[in-house]
2 protein chains.
Amino acid sequence: MSPADTEPRQDGPARGRPRSEAVEHAIIEAVMTLLEDGLPLAEISVERVARTAGVGKATIYRRWSGKEELFVDVLRAAEPPDPELPGTSMRDDLVVLLEALRRRGLAGRNSAILHHARAQMKSSPNLWAAYHNTVILPRRRLGLEVLRRGRENGELRTDVDIELLNDIVVGPLLVRTVLRPDADLPDDLAERVVDTLLQGLRPANG
Amino acid sequence: MSPADTEPRQDGPARGRPRSEAVEHAIIEAVMTLLEDGLPLAEISVERVARTAGVGKATIYRRWSGKEELFVDVLRAAEPPDPELPGTSMRDDLVVLLEALRRRGLAGRNSAILHHARAQMKSSPNLWAAYHNTVILPRRRLGLEVLRRGRENGELRTDVDIELLNDIVVGPLLVRTVLRPDADLPDDLAERVVDTLLQGLRPANG
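Residues numbered from 1 in each chain as written. Chains lettered and ligands numbered in written order. Predicted model: local features only at pLDDT ≥ 70, side-chain atom pairs only at ≥ 80, totals over all residues. Heavy atoms only, no water.

1. With respect to the confidence of the model for chain A
Residue and element names in this part refer to chain A. For clarity, the cut-off: pLDDT expresses how confident the predictor is about each individual residue, on a scale running from 0 to 100. Going along the chain from the N terminus, every DSSP run of H or I of four or more residues is numbered as a helix, and every run of E of two or more is numbered as a strand. Residue contacts are defined here by distance: any two heavy atoms, one from each residue, within 4.5 Å place the two residues in contact.
Of the residues in chain A, 90% reach a pLDDT of 70 or more, and the chain-wide mean stands at 86. Mean pLDDT across the elements of chain A bottoms out in helix 6 (residues 112–121) (79) and peaks in helix 9 (residues 189–199) (98). In this model residues 1–16 is a low-confidence stretch, pLDDT under 50, and it forms 19 contacts with partners more than four residues away in sequence or in other chains.

2. Section: the side chain of Arg102(A)
All names here are of chain A. The condition that has to hold: When a residue's accessible area, from a 1.4 Å probe over protein chains only, is under 20% of the maximum for its type it is buried; when over 50% it is exposed; and in between it is partly exposed. We define a polar contact as two N or O atoms separated by no more than 3.5 Å, with the added condition that, inside protein, one atom must be a possible hydrogen donor and the other a possible acceptor, whereas residues neighbouring each other in sequence contribute only through side-chain atom pairs.
Relative to the helices and strands, arginine 102 resides in helix 5 (residues 90–110). With relative accessibility at 5%, the residue arginine 102 sits in the buried group. A polar contact of 2.9 Å, which involves the side chain of arginine 102, links it to the backbone oxygen of leucine 185. Sequence-distant contacts of arginine 102, defined by excluding residues within four places in its chain, comprise Leu173, Thr177, Leu185, Pro186, Asp187 and Leu189.

3. Let's talk about the pattern of salt bridges
The condition is simple: We define a salt bridge as a contact between a side-chain nitrogen of Lys or Arg and a carboxyl oxygen of Asp or Glu at a distance within 4 Å.
In total, this model carries 36 salt bridges over all chains according to the counting rule given. Of the charged contacts, one joins Arg91(B) and Asp195(B) as a salt bridge, the two residues approaching to 2.9 Å between their closest N and O atoms. Linking Arg91(B) in helix 5 (residues 90–110) with Asp195(B) in helix 9 (residues 189–199), this pair joins segments that are 104 residues apart in sequence. What makes Arg91(B) partly exposed here is its relative accessible area of 22%. According to the relative accessible area criterion, Asp195(B) is partly exposed, its value standing at 24%. When the shortest N-O distance is used, the salt bridge between Arg102(B) and Asp187(B) registers 3.6 Å. You can see Arg102(B) sitting in helix 5 and its partner Asp187(B) sitting in the loop between helix 8 (162–179) and helix 9, a full 85 residues away along the chain. Several salt bridges converge on common partners, so that one network encompasses Arg140(A), Glu163(A), Asp167(A), Arg176(B) and Arg180(B).

4. Comments concerning the UniProt feature "DNA-binding region" (unreviewed entry) in chain A
Operational definition: UniProt positions are given in the numbering used here, feature names are shortened, and annotations may be inferred rather than shown by experiment.
The feature "DNA-binding region" (unreviewed entry), as annotated in UniProt, sits at residues 45–64 of chain A in this numbering. Segment residues 45–64 of chain A splits into 75% helix and 0% strand. End C-alpha atoms: 13 Å apart.

5. Points about empty space enclosed by the protein
To find leftover empty space, a probe the size of one water molecule is rolled over the atoms. Quick reminder of the rule: In this analysis a 1.4 Å probe is tested at points of a 1 Å grid over the protein atoms alone, and where it fits but cannot get out there is a cavity; an open set with protein on both sides within 12 Å along at least five of seven lines is a pocket; lining residues have an atom within 4 Å of a point. Grid points are joined across faces, edges and corners, and a volume is the space filled by probe spheres set on the points. Throughout, the ten residues Ala, Val, Leu, Ile, Met, Phe, Trp, Tyr, Cys and Pro are labelled nonpolar, Asp, Glu, Lys and Arg are labelled charged, and all others, Gly among them, are labelled polar.
Under the definition given, this model contains 2 cavities of 30 Å³ or more. In this structure, the largest cavity spans a volume of roughly 50 Å³. Of the residues that constitute the lining of the largest cavity, the class distribution is 4 nonpolar, no polar and 4 charged. Taken as a whole, the second largest cavity holds about 40 Å³ of empty space.

6. Focus: the relation of the copies chain A and chain B
Short version of the rule: Copy-to-copy superposition: least squares on the C-alpha atoms, limited to residues that have pLDDT of at least 70 in both copies.
Once turned by 180 degrees and shifted 0.0 Å along the axis, chain A lies on chain B with an RMSD of 0.1 Å. Classification of the inter-copy transformation places it as that of a two-fold axis. For chain A, the smallest separation between a C-alpha atom and the rotation axis is recorded for Gly200(A), amounting to 1.7 Å. A share of 100% of interface residues in chain A that are also interface residues in chain B marks the association as one of identical surfaces.

7. Points about the interface of chain A and chain B
Condition: Using a 1.4 Å probe, buried area is obtained as the accessible area two parts lose upon being combined, added over both of them.
Across the contact, 32 residues belong to chain A and 32 residues belong to chain B. Summing both partners gives a buried area of about 3,200 Å² for chain A against chain B, and 62% of it is carried by carbon and sulfur. When the buried area of chain A at its contact with chain B is split by residue, Arg157(A), Leu201(A) and Arg202(A) rank highest and sum to 23% of it. Counting every contact that joins chain A to chain B gives 6 salt bridges. The partner of Arg180(B) in a salt bridge is Asp167(A), and the shortest N-O contact between them spans 2.8 Å. Applying the counting criterion to the chain A and chain B interface returns 18 residue pairs in polar contact (both at pLDDT 80 or more). Elements that contribute at least two residues to the side of chain A that touches chain B include exactly helix 8 (162–179) and helix 9 of chain A. The dominant element in the side of chain A that touches chain B, judged by the number of residues it contributes, is helix 8 of chain A, at 13 residues. Residues belonging to the side of chain A that touches chain B are distributed by class as follows: 17 nonpolar, 5 polar and 10 charged.

8. Notes on the environment of Leu197(B)
Considering the arrangement of structural elements, one finds Leu197(B) in helix 9. What makes Leu197(B) buried here is its relative accessible area of 3%. Leu197(B) sits 32 residues away from Leu165(B) along the chain, and the two C-alpha atoms are 9.9 Å apart. When residues no more than four places from it in sequence are discounted, the contact partners of Leu197(B) are Ile168(A), Leu197(A), Gly200(A), Leu201(A), Ile168(B) and Val169(B).

9. Remarks on the packing of helix 8 of chain B against helix 9 of chain B
All names here are of chain B. Selection rule: Note on definitions: angles span 0 to 180 degrees between N-to-C directions of axes, and those axes are lines fitted to C-alpha atoms, for helices only across the stretch in contact. Here a crossing is taken to be left-handed if its near helix is turned anticlockwise relative to the far helix by less than a right angle, and right-handed if that turn runs clockwise.
Interhelical geometry of helix 8 versus helix 9 gives an angle of 145 degrees and a closest axis separation of 10 Å. Between helix 8 and helix 9 lies a crossing of right-handed hand. Of the residues in helix 9, those in contact with Ile168, Val169, Pro172, Leu173 and Arg176 of helix 8 are Leu189, Val193 and Leu197. Residue composition of the contact of helix 8 with helix 9, by class: 7 nonpolar, no polar and 1 charged.

In structure tokens:
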């Protein structure tokens, strides 16, 4: 990353007032730089971020209510973007959702910043709650929504509750990404899990 | 728990030399008492355990190589015992294995000691590794073994690898017990998960 990326841009005719988006970007990049330098989240104050980004503390507080809210945006910026659902079938939507979980797992393994930020986040109840509410919960709602549509379309059995079906669908990916960080995450994992689940574990008859 | 339970027994004719099992019990109970008093694992030294149990440090080191090994035995003592597999079918064995995971989850919610000990264990890489090797790994091997037998008996499809099938089977229970500690753990959860997985998520045809 070039130094220019971490500084608020001062370009354009309206001198002295950088565009809001560029400032936000600079602030988020400042936190990432500090994390990259090995600073634990607990030691990264709003003041320190402001200094690193070359902005005033008020500039940060105008955009985020506090450190927690800012860090959640940093984690979101470092993570793969949320997937676009194809909407062609429940099966295809589920594959895309699980593929996003797989990529999220790979990102956590390949990015030292993301890995440390996530680990540290879990030791801060406030930060964890903010992350849970803004990142995990919407993703979970999306999964439940896909299953509900599948049930309406006749793609899904109707005798098991949607919450349990969701845990059955995301379970294997969460086990491999969150609980067993050394587990295999092959390219076709999402597809194999979804198709195995849809067909069932009994041998195919006929 | 009565005070007598936490002291090495001095009963029986052979005065002064309590039975080995009673001493082990007393030492494990001493750690539990300290955890119950709210001491973090990091602050519980072998010396402190010895003092609480009323034994010498050497008595502890004769039985455990160190603090980590002792704590793993404490965690095991506090957890529900490993299940006996009925062996009547893969389906029945899987239900028993998942029911053990469900009970383990319930125990972690209902026992403050267990809850704190597990949480603290995760922040000690040595302790976590010891726990993983002596508690989690054997359980995982047992699950893989049950699936292998099921595959040989024709109860399980043969076109998906056993490791992935195991993650599919344990996934929903691990999600509900480890990742979502507020999730429902109804009595019939193990049975519902296993039967849903065996049948598949597609609507039953015919």
